[in-house]
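Chain and residue survey
This is what each chain is made of:
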Amino acid sequence: MSEINKEYYKAVAEIHKNELGGSDFLSSCSKKIIGYFYRCYEKDEKNILFTVDEKGEIAGFVFFTLAKDGLFSNFVKRNILQILLSPSAFYSLFKTMIMRKKRTLKHQYDVDIVYIAVGTKFRSKGYARKLLGMVEEYLKAHLICTYCLQVFKDNHRAVEFYEKYGFETIEEYSARGRIKLLMRKNIQYE
Ligand SMILES: CC(C)(COP(=O)(O)OP(=O)(O)OC[C@H]1O[C@@H](n2cnc3c(N)ncnc32)[C@H](O)[C@@H]1OP(=O)(O)O)[C@@H](O)C(=O)NCCC(=O)NCCS
């Protein structure tokens with residue numbers, strides 16, 4: 001991998017860890033594993049990473065999938081050695097398995113915004129809006145009509161942002177001792 005690519009994934013992992021750290025299995029891993037996770041999907045058409053930059057510095061990113069089920073378990077299965085060799089990833093996996101609760105959502109869906117984050121110093125400049133715009137362009141090109149995301153209810157900033165962007169809550173459930181919302185947006189085609 002080229003030095004440019006290495007720096008790119010390092011910058012994405014940095015934002016991911018700083019802004020989403022601890023919220024799930026991947027976010028509890030080290031920056032190295034997080035960067036590795038995104039690199040694994042470099043040329044994948046179903047799991048896509050988009051970034052925005054300001055003067056050459058990565059300001060934020062969105063990672064979304066067209067096929068949500070098995071995303072993390074497949075990553076773990078394919079990279080079990082790296083995970084076992086990384087104390088943070090191993091601990092995070094162990095914790096996730098212990099806390100794992102069999103949960104079935106009432107709504108089934110495939111297309112999901114898995115992660116979106118903007119670096120603190122780049123907030124409120126329209127970057128998240130721009131990232132979701134990029135996602136929708138991609139989904140439109142694939143004739144997809146609807147997409148979802150999950151967010152903690154107490155993440156007021158994010159919930160307000162999604163509502164402003166046209167998402168509506170379709171389900172509420174508890175996860176990791178907190179309330180989570182499943183939100184959905186229908187894409188408008190002219
Ligand atoms: C949520 C997040 C991605 C928003 O990023 P951002 O780049 O600051 O958002 P934008 O500047 O694109 O804002 C888009 C809209 O949301 C609104 N918005 C932004 N921050 C807001 C806030 N704190 N309260 C209310 N509305 C807000 C803006 O007014 C803007 O509307 P406008 O375009 O009509 O002016 C960012 O706060 C973040 O990275 N948070 C930490 C990670 C996170 O929680 N991710 C979501 C996990 S599900």
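Notes on the structure in this doc start here. (Residues numbered from 1 in each chain as written. Predicted model: local features only at pLDDT ≥ 70, side-chain atom pairs only at ≥ 80, totals over all residues.)

**Quick notes on the sheet that holds strand 1 (residues 47–54)**
Keep this limit in mind: A pair of strands is treated as paired once DSSP finds two or more bridges between them. Helix and strand labels come from DSSP, where a helix needs a run of H or I of at least four residues and a strand needs a run of E of at least two; each type is numbered from the N terminus. Interaxial angle, 0 to 180 degrees, is taken between N-to-C directions of lines fitted to C-alpha atoms, where a helix line uses only the stretch in contact.
Ordered in space as 1-2-3-4-6-5, the 6 strands form an open sheet in which the pairing is mixed. Single-partner strands in this sheet number two, and they are strand 1 and strand 5 (168–175). Ignoring strand direction, the axes of neighbouring strands in this sheet form an average angle of 25°. Of the strand pairs in this sheet, strand 1 and strand 2 (residues 57–65) are connected by 8 bridges, and their pairing is antiparallel. Bridge pairing in strand 2 places Thr51 opposite Phe61.

**Here's the deal with the site of the ligand**
Selection criterion: We call a residue near a molecule or strand when the C-beta position, derived from backbone atoms, sits within 6 Å of it. Charged means Asp, Glu, Lys or Arg here, nonpolar means Ala, Val, Leu, Ile, Met, Phe, Trp, Tyr, Cys or Pro, and polar covers whatever is left, Gly included.
Around the ligand, 19 residues are found, and the nearest of them are Val118, Arg123, Ala128, Arg129 and Glu160. Put simply, the parts of the chain that give the shell around the ligand at least two residues each are helix 1 (3–20), strand 3 (112–118), helix 6 (127–141) and helix 7 (156–164). If you tally residues by element for the shell around the ligand, the top one is helix 7, at 5 residues. A breakdown of the residues in the shell around the ligand according to their chemical character gives 9 nonpolar, 3 polar and 7 charged.

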